[in-house]
Structures are given as C-alpha cells and as structure tokens.
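# Structural description and commentary
As a plain string of letters, each chain reads:
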Amino acid sequence: MVIAPAPGGPRAVARCDALGVAPYSDTPGGLYRGYLTPAYGAAQAALADWMVQAGMVVSRDPAANLVGRYDGTDPAAPALLIGSHLDSVRDGGCYDGPLGVMLGVEAVDALHRAGRRMPFPIEVIAFGDEEGSRFPAAMLTSRAVAGTLPAVALDLADGEGVTLADAGADAGIDIARFRDAARAPGSVMAYLEAHIEQGPLLENEGLAVGTVTGIAAQLRYRVQVSGMAGHAGTTSMPLRRDALAGAAEMILAIERIAITDQSDVVATVGRIAGKPGAANVIAGHVDFTIDVRSGDPARRDCAADAILHEIRSIAERRGLGLQLARVHDLPASPCDPALMDLMDAAVIGAGQRPRRLVSGAGHDAMVMAALCPTVMLFIRCRDGISHNPAEHVDPADAEVALDVMLGFIDQLGASFAHA
Ligand code: GLV
Ligand code: MN
Ligand code: MN
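Residues numbered from 1 in each chain as written. Chains lettered and ligands numbered in written order. Predicted model: local features only at pLDDT ≥ 70, side-chain atom pairs only at ≥ 80, totals over all residues. Heavy atoms only, no water.

## Examining helix 8 (residues 297–318)
When the terminal C-alpha atoms of helix 8 are compared, their 32 Å separation across 22 residues agrees well with the 32 Å that a helix rising 1.5 Å per residue should span. Residues of helix 8 that are buried include every one of Arg300, Ala303, Ala304, Ile307, Leu308, Ile311, Ile314 and Ala315, and no others. The arc that holds the buried residues of helix 8, viewed along the axis, is 135 degrees, so those residues lie on one side. Away from the buried face of helix 8 by more than 90 degrees, exposed residues Ala298, Asp305, His309, Glu316 and Arg317 are located. If you follow the buried residues of helix 8, they end up packed against strand 7 (217–226), helix 7 (243–261), strand 9 (266–268), strand 12 (285–294) and strand 13 (321–330). Where helix 8 begins, the capping side chain belongs to Asp296, and its oxygen is found 2.9 Å from the backbone nitrogen of Ala298. Gly319, located one to two residues past helix 8, shows a positive phi value of around 65 degrees. (Helix = DSSP H or I, 4+ residues; strand = E, 2+ residues; numbered from the N terminus. Expected span 1.5 Å × (residues − 1). Buried < 20%, exposed > 50% of the residue type's maximum accessible area, 1.4 Å probe, protein only. Arc of directions from axis to C-beta. Contact = heavy atoms within 4.5 Å. Polar contact = N/O pair within 3.5 Å; in protein donor to acceptor, adjacent residues only side chain to side chain.)

## Some words on the coordination of the manganese ion (ligand 2)
For the manganese ion (ligand 2), the full set of protein donor atoms is Asp96 (OD), Glu131 (OE), Glu131 (OE) and His387 (NE2), and the range of their distances to it is 2.0 to 2.6 Å. All donors to the manganese ion (ligand 2) come from one chain, and their sequence spacing reads D-x34-E-x255-H. Taken as an interatomic distance, the gap from the manganese ion (ligand 2) to the manganese ion (ligand 3) is 3.6 Å; Asp96 donates to each of them. Here His387 lies in the loop between strand 16 (374–379) and helix 11 (395–418) and Glu131 lies in the loop between strand 4 (122–127) and helix 4 (140–146), a separation of 256 residues in the sequence. (Donors = N, O, S within 2.8 Å, 3.2 Å for Na, K, Ca; no water.)

## Some points on the packing of aromatic side chains
Considering all chains together, one arrives at 2 aromatic pairs under this definition. Pairing Tyr35 with Tyr40 gives two aromatic rings, centres 5.4 Å apart and planes at 80 degrees, and the pair type is edge-to-face. Judged on exposure class, the residue Tyr35 and its partner Tyr40 are both buried. The cationic tip of Arg90 hangs over the ring face of Tyr32; the distance from NZ or CZ to the ring centre is 4.1 Å. Taking the ring centre of Tyr70 as reference, the NZ or CZ of Arg117 above it sits at 3.9 Å. (Phe/Tyr/Trp six-rings, centres within 6.5 Å; stacked < 30°, edge-to-face > 60°. Lys NZ or Arg CZ within 6 Å of the ring centre and 35° of its normal.)

## Some thoughts on the coordination of the manganese ion (ligand 3)
The coordination sphere of the manganese ion (ligand 3) contains the protein donors His85 (NE2), Asp96 (OD) and His195 (NE2), at a distance range of 2.0 to 2.3 Å. Spacing between the donor residues of the manganese ion (ligand 3) along the chain follows H-x10-D-x98-H.

## What about the site of ligand 1?
Around ligand 1 sit Glu130, Glu131, Gln218, Arg220, Arg293, Ala361, Gly362 and His387, and that is every residue in its neighbourhood. One of the side-chain nitrogen or oxygen atoms of Glu131 is found 3.0 Å away from an oxygen atom of ligand 1. At 3.1 Å from an oxygen atom of ligand 1 is found a side-chain nitrogen or oxygen belonging to His387. For ligand 1, the protein covers 95% of the area, taking 190 Å² as the surface of the free molecule. (Near = heavy atom within 4 Å. Areas by Shrake-Rupley, 256 points an atom, 1.4 Å probe, with all protein chains shown as cover.)

## Looking at helix 9 (residues 337–349)
Helical geometry note: an α-helix holds 3.6 residues per turn, so side chains three or four residues apart project in the same direction. For helix 9, which comprises 13 residues, the first-to-last C-alpha distance of 18 Å matches the rise-based estimate of 18 Å (1.5 Å per residue) to within 8%. Within helix 9 the residues assigned to the buried category are Leu339, Met340, Leu342, Met343, Asp344, Ala346 and Val347. You can read the cap of helix 9 off the contacts: a side-chain oxygen lies 3.2 Å from the backbone nitrogen of Ala338, and it is on Asp336. Where helix 9 terminates, the next one or two residues include Gly351, which has phi positive at roughly 90 degrees.

It is worth stressing that arrangement in space is one thing and function is another; only the former is reported here.
Here is the structure:
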C-alpha cells in the first residue's frame, strides 16, 4: 500500500487512516478490527511492510503480536519496546491504538534514515486485543508478553461461538504456545506507548502532548439475567418475569451508584442483548456487560460491591435468575517516575511545557508494567472524542509526539551510556 510519502507524524496519521477501511476493517462503512479476524491479518501485513521499509526485522510472536526489531550497537542489551494495539472497538476511530504503533515505526524510520543505532535494540510491538471487542477478555496478548496470563484465561469464545483456539488456528497460531510470547524478566528495559488522550484536557489547555502518570484500575463483569419469555399481549403485568425490564432497572442503578459516588468512579453498561428479541415476546434472557473504573482501586472495588449488591436485590425482588462473572480485573498502574522525568524533558525539548495527566482509559502499558518500567505519551485529540468514528488527530500534533519520542529515546540513550 502506498501512503503519503513524507515520513513523520503526518505519515503515521495517514497510515492509521488507510487502515480505517476494508480490507483492514471487518465491517463495511465503518471501522471494526477484531483480534485474529481477516482485517487483523490484513493490517498486520501492511504494517509488516512498513516495518521492513523502516529498517526493522519483522516477526510474529506466539500470541500473534507483530514485532519489528531494530538492533542496537549492543544487540544483547535489554530492548526498548514501543507499542500499542492494532485492534479497534466496534464502529471505532482510526487512531486508538494504531497511532502509537505507527509513531513507533516512524521513530525507528527516523533513526534508520539517519544511520543511527542506539546502544539498545528497539522493538516496535503491535498488540492484538487491547479492547476486548471480539473475545470477552482484554489485553490477552500483552498479558502473554508480560508473562501474567494464566492458561485458563485462554478458554474463550467470541459472540459467534468461535473459540480463541480455533480463531488462532485459522490465523496460524497454536493456542498451546500462546503464552510462549512471554518475555524473559530483564530482557526489556522499558515500554513506551504513545496514544491519543481520549479526553479533552490537552485540547482545553492548548497542548499537543502530555506525560501520563498512571492508568485507572478496571473491572468488567458479564451479567446474565433470566426470566420467563411469554406473550406480550396475554401475559398480565403482575405475572411477568421480564428479564429486560429487570436489566433496565439494574442499568439505572449502576449509573446512579457511580454518580452518587461523587469521585472519579465511572461505570458503564456498553453492551446488552435480549432474547428472543421480538416485539411481541417478553424477554426471557438478557446478557449485558459492566465496566467499572477508578484511579483508586479501593473506590473502584467499593462501587463494584455496591453495584453487585443492588443487582442481586433487584433480581430477587423481580424473581429473576442471575449469573454474574468477573471477566476482567486490572489494577491501577502507575508509570515509572524516572521515565516520566525523561519524557517531560523531551516535551520541553520539543518546545512545549510539560503537562502530566492520568489515564481513565486502559492501555497495554498497564499490563506491561509487570514486566518493565512503563511510560506513556498522550496526544491531543479533537473534542476529546474516542471510541467513535469521529476520533480525530491533527497530523501536526503527531509530528510533535514523534519529536518528543525521539527526544525521549535520545535521553534514554544518554542515561544508558552513563549507567
Ligand atoms: C480501552 O480503550 C479501554 O479503556 O477500555
Ligand atoms: Mn480503546
Ligand atoms: Mn487504546
């Protein structure tokens, strides 16, 4: 694929745009790129070409992450990993994930064109399932790399009933080897992720980039409510056990609990499906998700406990069956203070005042923190909009981010030389 020839931030943005349509999207007329889908494979193929052009040696690890390696003067030194994810949410924007990968490729491309090698290898890694939009778990592939993925976590099926093992086999990976993607402790010196902010703070302050201090803790549940399907015209109201009406009451309770917490706690029901799904049939079964987050894990857990308590009592009062499963639990993840200082210095070097901010969104960095120190750079996005086709990044901001990343890599090289 041929993309705007000028290398740098604008090309990174143009490449994300190019990946926003078929065959790099699994749906026509919008972007959805699920882990191990045909669109995922097509995006990996395009990215592999771009990595090769940037002077990298490309491989795919056992978790189907694409990795481009640019050796340093000491190939045995621990590597700097630069990455983000290639998958997207359903009907998502073009930059959440891919921009961090494309900027990593541009950073290496700049070093390569200048004939420069750092004292350490640089690897650009494109993770597979940060969003959890296909299988009911997120960040499987970064957890595999970080060595924190339990084998039981791989026993999953997507909404169509396709197991992760079968999807992997179709894409050429062996589920039995998935966790071999684990990097040896000490083999990675740091993980750097650039990402759109997905919030309005940088834009409000007129800043192109900011240094992330840490990532909020996340919890996700799957809730299954069962009632009794029945005739919508003949079943009198007192006799009903309506799973959808029960779920509606639960969803409003979830919203109320998060609002009345009056903190940074957020709770979301982002997906709901009712069965049998007909206008003249009372819903007998409803399946929905809950996502709860806070920068403070104790607050998150307290809100989640209150939510579960309320859901149980609604189900009991309405005579509904209830199954609750915790499908995702990630602790808050602070970024590394020394690397944040280097990032701030690089931001100043690029001509902007440093600005630190916390991430309410989850990122592969929060998983990679179990393996190595992490650092993140946020990039302004228009109106703070994300997880939406209207996501927009100014190519000039991507150029600032690239400048900062190159400055950061230089700073890291200097500190490496003095260590
Ligand atoms: C990923 O974007 C998440 O925060 O859920
Ligand atoms: Mn996202
Ligand atoms: Mn993301």
